[in-house]
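Observations on chain architecture
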Amino acid sequence: VDGKPVIARTRMRMHLVAEPLTDGNLRVSVEHVGFRDVDEDDSGLYDKVRDHAYIHGVARRAPISYPENAMGMGVSGRVLVALRLAPDGSVVEAIPRESALYNVKGREKLLSRAAALFEQNATQAIRRWKFDVRVPAGAYPTPEDLTGLIVVQYFMEDSATPKPGLWMHETRSRERALPWLDPALAGNLPDIADVGEGGHFGAAPGRFRLLGGTDGVVL
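This section reports on the structure supplied with the text. (Residues numbered from 1 in each chain as written. Predicted model: local features only at pLDDT ≥ 70, side-chain atom pairs only at ≥ 80, totals over all residues. Heavy atoms only, no water.)

The next subject is the nonpolar core. In terms of nonpolar packing, the biggest core is built from 29 residues, with Leu 83, Leu 85, Phe 118 and Phe 131 touching the most fellow members. Apart from the residues lying within four places of it in its own chain, the contact partners of Leu 83 are Val 91, Glu 93, Ala 94, Ile 126, Phe 131, Leu 146, Thr 147, Gly 148, Ile 150 and Trp 180. Within the second largest apolar cluster, 15 residues are counted, among which are Leu 80, Leu 189, Val 195 and Ala 203. (Core = buried A, V, L, I, M, F, W, Y, C linked by side-chain atoms within 4.5 Å. Buried < 20%, exposed > 50% of the residue type's maximum accessible area, 1.4 Å probe, protein only. Contact = heavy atoms within 4.5 Å.)

Below, the structure is given as structure tokens:
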């Protein structure tokens, strides 16, 4: 607070990555540590628009359907798409920030292909979306002000929607860098599990942070 540390309580999320080694063991490292933000609601979703935000939601959506060339795989999953918007609400850049597949195991090549199809389908569709961006006269929004996150879900018709509180096997990709954002700001963004249906807009630094960095630390 005002540049000085204070005693505070908040929720912390730690994301771990397990990589198989040649001897059959796993190498586990810290991918990301994040804290509950002041704008996050009690359900853990970032779906509220901040009062000072330039982005006020989606103005026009292009339809998104399950990609036909992935139907034979019978895979369900989701994609977190990161966006950089123009002041007129159009999409300047769209990058698949992270993707996940549900309750599926198999060869890495097959799973990677399924994830790539979902990512391509989601980003192509969202590039055609239009957002409600309101920039007051005299304001100059920064790239972080015009950053957004949208999550796209893909389910086969006969697959069950994941339910909170139940164990679920999930194959998740690594988070990709966002070229228009400083890595420190990108590290404050919520991950694929924490973005609600309303999306998340803006990349302002969180109020809570660790004293030292942990990304990449091997456990």
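Next up on the list: the pairing of strand β2 (residues 26-35). Extensive coverage of β2 is indicated by the burial of seven of its 10 residues. Summarising the sheet, strand β1 (residues 12-20) and β2 pair through nine bridges and their orientation is antiparallel. Of the residues in β2, the one forming a bridge with Met 14 is Val 33. (Helix = DSSP H or I, 4+ residues; strand = E, 2+ residues; numbered from the N terminus. Pairing = 2+ DSSP bridges.)

Our next topic: the packing of aromatic side chains. Overall, the coordinates contain six aromatic pairs when judged by the stated rule. Ring-pair connections join several aromatic residues into one group, and the members of that group are Tyr 66, Phe 118 and Tyr 154. (Phe/Tyr/Trp six-rings, centres within 6.5 Å; stacked < 30°, edge-to-face > 60°.)

To continue, consider the pattern of salt bridges. Going through the model one piece at a time under the given rule, you end up with eight salt bridges. Measuring nitrogen to oxygen at the nearest pair gives 3.0 Å for the salt bridge that ties Arg 176 to Glu 119. On the criterion of sequence distance, the pair formed by Arg 176 in the loop between β8 (170-172) and α2 (183-186) and Glu 119 in helix α1 (residues 108-126) is long-range, its members being 57 residues apart. Counted as one network, the salt bridges with shared partners bring together Glu 19, Arg 27 and Arg 174. (Salt bridge = Lys/Arg side-chain N within 4 Å of Asp/Glu carboxyl O.)

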